[in-house]
Amino acid sequence: VWEVALPTEPCCVPSDGCTDESRIHNESCLPSATDWEVITHNSEWPARAFHTSVYEPSSSSNQFLHRIYLMGGKNATRDFSDVWTWNLANDAKWQCDFCSDDAGIEEKHLAPTSDQKVAKRSATDAYLCIDSPLSSMKKFGLPSLDKDTKFLNYTPRSTTLLLNDTDIATAADVGVTTIKELASADLYRILKLRGFDYPGIIAREIRNVCYLRAISLAFVKKCAIEELQDSFFHQFFFREAGHANDETSAISCGRGGNSNPCDAGDWDGCTPIPGLAEVDVHGLGNVAVPQIKHNVSSVVEELFCRRIPRSRCYSASAFLDNRVVTVGGKSSNSTTLYRDVWTRDETFPRAFISLKPKSRTSQSKFVFDSSEAGAYFEYKIIKGNDDIIPWSVTTKSMGVDVSWIGRGWYTLFVRSVDPSGNRDVLFSNEVNVFSWYYVPPIPWGVLSGCALATLALVVGGYFEYRRRKRRAVMERFTLRRMRRKFKLKSNGAELTYQSSLPRDVQNIDKVVGGHSTPHESRRSSSLRNYIGYDESQRKHESHLISKVDHRSNDNYRSGNVRRRRKQIVPVEVEAKRRRNRNTDRNRSTIQMNHDE
């Protein structure tokens, strides 16, 4: 890297014969060969040519730094797609975007402290591509939620390495160095990484290779851009119908008997096979079948797809509207020309909780805001150490309603995602983390519904009771009438005698039975003397007639069976007892005759 000091104004002096037209030809206005100075001989970026570079002037948005960007280019063997920045300081080093051995991009909202490097490395390490090395595979988690931990300052996410140097070297021995190569490794490579090799050869084992392969497969599926051979409808339909993604159902090799040993392409070496503990592999013999299918969704959701231009050279770049813009370029073999436009966004958004519920209340509404326009939000709810829901998406206008959760202590994390895909990676209790105790509201609707249902059952039961009671009374009344008619029919002689009497005399039976009107009762009482009734009979029937006469015609027509029954209970009870005695006596006689 070289720099030159330009002559200071005024370099063109009219008294010395210099004019505006001759300024570009005046040696006093041009740098001399001795004005160039070398800054560094060995920059951090690989040697290259045909690259593009852009100068960013100092401003308040970049903390008044003078920076230079270097992008793309090629050497004798390959093209480059990396981006390097330098702030024109003598002791400063070039910084690479998405380089694991560097601090990464500069975050404008952080002070230049020792924690800044950790935050920058954590921010950029989570952005991977399918061609990223295996050493970049890490497990990211939210900050610890211990009682003594406080997020008053911005706290980065926790990071856990998934492979050590020995595992990386072991994978490189079998030709697996990137995430894509691990996801597409064949059966024999996976089994060799599991410790199974040809007889007489000792293979070094990576204990969690199947777990790493599951992460690689999920990440490649998440970030790979492929041309669809079939329509989206067909792929979605067959995936939902279960015709795809079921690798175990198609595995029929290595089961013994008439089945052939498994070969490359028959099995991937990590997928569990139901009901099978070992499988016969061609050339290796029996190999243990993993019995656990790893769930890596929580790991993959913390890994983000890196968005960078393809490797190119001869591209054009400029600094416009506080952004670096790259246009076009071509590949190293000069067969592919690009006509895309890229911009670089190094600012990470910051999420804020603008509306939050009060603790120990039934409030459940959250509203978020962001430091960048056009950003959306991802939030997660945690209870204790368990995730209630994974990262879910919402917007500023929608917010979040958590009324579906139960009673207890919860913690909500929220992060902002800008249109460039940058995510907030620092968390603080005062900004984007909130812990509260939620109390569910009283379910007035459910209680009101239960009260109405109970009232309806009580009212319905009351009316049903009255209906059944009235029905029972009517049945008893009908039964008594039927018994009277049966008794009258059984007394054939008496019926024949009464039929020979005049009609006025026949009305006497109606009076006794309670079916005559008061007028008929008075007429019949005067006729009893005509047929020779004795004095005792006339007194008894007069007593009955007086009771019937006291009833009003309205009450008689209205069918008030209950009141009428009370008035004739003495006579009816006596008649009923006589009939029961006669019936029991007759039944006994019939039974005796039958036994004989």
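Residues numbered from 1 in each chain as written. Predicted model: local features only at pLDDT ≥ 70, side-chain atom pairs only at ≥ 80, totals over all residues. Heavy atoms only, no water.

J.: Explain helix α2 (residues 165–173) to me, and be specific about the residues and the numbers.
T.: Among the residues of α2, Asp-167, Thr-170 and Ala-171 are the ones counted as buried. Considered in projection along α2, the buried side chains sweep an arc of 95° and stay on one side of the axis. Of the exposed residues in α2, the ones pointing more than 90 degrees away from its buried face are Asp-165, Thr-166 and Asp-173. Residues of α2 that are buried make contact with α4 (187–193). Looking at where α2 begins, the residue whose side-chain oxygen comes 3.3 Å from the main-chain nitrogen of Thr-166 is Asn-164. One or two positions beyond α2, positive phi appears at Gly-175, with a value near 85°. (Buried < 20%, exposed > 50% of the residue type's maximum accessible area, 1.4 Å probe, protein only. Helix = DSSP H or I, 4+ residues; strand = E, 2+ residues; numbered from the N terminus. Arc of directions from axis to C-beta. Contact = heavy atoms within 4.5 Å. Polar contact = N/O pair within 3.5 Å; in protein donor to acceptor, adjacent residues only side chain to side chain.)

J.: Hey, could you go over the state of the cysteines for me, with residue numbers and the actual values?
T.: For the coordinates displayed, the defined rule picks out two disulfides. The disulfide partner of Cys-210 is Cys-270, and the S-S distance across this bridge is 2.2 Å. Negative torsions about the S-S bond denote left-handed disulfides, and the value of about -80° found for Cys-210 with Cys-270 makes this one left-handed. Taken together, the residues span a long stretch of sequence, with Cys-210 in helix α5 (residues 209–223) and Cys-270 in the loop between α6 (232–241) and β11 (278–281) at a distance of 60 residues. Overall, the relative accessible area of 13% leaves Cys-210 in the buried class. (Disulfide = S-S within 2.5 Å.)

J.: Describe the environment of Thr-343, with residues and values.
T.: Note that Thr-343 resides in strand β16 (residues 337–344). On the basis of relative accessibility, which here comes to 44%, the residue Thr-343 falls in the partly exposed class. Each C-alpha atom, one on Thr-343 and one on Val-325, is 4.6 Å from the other, the two residues being 18 residues apart in sequence. Not counting chain neighbours up to four residues away, the residues in contact with Thr-343 comprise Arg-323, Val-324 and Val-325.

J.: Give a description of empty space enclosed by the protein that names residues and reports values.
T.: On inspection of all chains with the given rule, the structure shows three cavities of 30 Å³ or more. Considering only enclosed or pocket space, the second largest cavity measures out at about 40 Å³ in volume. For the lining of the second largest cavity, the leading source of residues is α5, giving three residues. (1 Å grid on protein atoms, 1.4 Å probe; cavity = no way out; pocket = protein on both sides within 12 Å on 5 of 7 lines; lining within 4 Å. Points joined across faces, edges and corners; volume = space filled by probe spheres on them.)

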